[in-house]
Amino acid sequence: MVKWGPVVVGFILALVLGNLFGIYVNEYWGVNLGLFISGFIVGYWVHEGIIGGLWNATVAGSFGSIVLAILLIIGGTIFAGLAGFAAGLTTGITILIASLIVNIVLMGVGGAIGGLLSGKS
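Residues numbered from 1 in each chain as written. Predicted model: local features only at pLDDT ≥ 70, side-chain atom pairs only at ≥ 80, totals over all residues. Heavy atoms only, no water.

### A short note on the layout of surface pockets
Worth spelling out the cut-off: Space inside and on the surface of the protein is sampled on a 1 Å grid over the protein atoms alone, with a cavity defined as a set of points where a 1.4 Å probe fits but cannot get out and a pocket as an open set with protein on both sides within 12 Å along at least 5 of 7 lines; lining residues have an atom within 4 Å of a point. Grid points are joined across faces, edges and corners, and a volume is the space filled by probe spheres set on the points. Here a helix means four or more residues in a row that DSSP labels H or I, a strand means two or more in a row labelled E, and each is numbered from the N terminus. When residues are grouped by polarity, Ala, Val, Leu, Ile, Met, Phe, Trp, Tyr, Cys and Pro land in nonpolar, Asp, Glu, Lys and Arg in charged, and all others, Gly among them, in polar.
Of the volumes computed, that of the largest pocket is approximately 300 Å³. Elements supplying a minimum of two residues to the lining of the largest pocket: α1 (4-25), α2 (30-46) and α3 (49-118). Sorting elements by how many residues they give to the lining of the largest pocket places α3 first, with eleven residues. Here the residues of the lining of the largest pocket are counted per class, giving eleven nonpolar, seven polar and no charged.

Below is the structure:
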């Protein structure tokens, strides 16, 4: 079952930690480390074991990907009208697929490890 409090906090943490680690730690793998740590925090917080941590962290990562795609579509429409909508939709769907894979894998693995360490309550 999804616990929306940790999912929303995990989404925000993924944004913050991904940007901080991407800028200050390493520009190549710092973002991935930020996603992994935010998934770990979500998995540890939910106290539902490996599957619960994996599921909640995956939902947080998916939520981030979907929000990014929606923002691209809205931004393209605002700045360039119908052509911007088409470009934003194409780019949004492409980035949605790629970022879903990356976010689900990195945050899911972090959530599973966090859930493993926290155990079932």
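### As for the packing of aromatic side chains
Heads up, the rule is: Only centres within 6.5 Å qualify two rings of Phe, Tyr or Trp (six-membered ring in Trp) as a pair; their planes then separate them into stacked at under 30 degrees, edge-to-face at over 60, and tilted for everything else. Note on exposure labels: buried denotes an accessible area under 20% of the residue type's maximum, exposed denotes more than 50%, and partly exposed covers the range between, all computed with a 1.4 Å probe on protein chains only.
Taken as a whole and judged by the stated rule, the model has two aromatic pairs. Seen in terms of ring centroids, Phe40 and Tyr44 are 6.2 Å apart; in terms of plane orientation they differ by 20 degrees. Their pairing is stacked. In this pair, Phe40 and Tyr44 are both assigned in helix α2, four residues apart and thus about one turn of the helix distant. The partly exposed category is assigned to Tyr44, whose relative accessible area is 42%.

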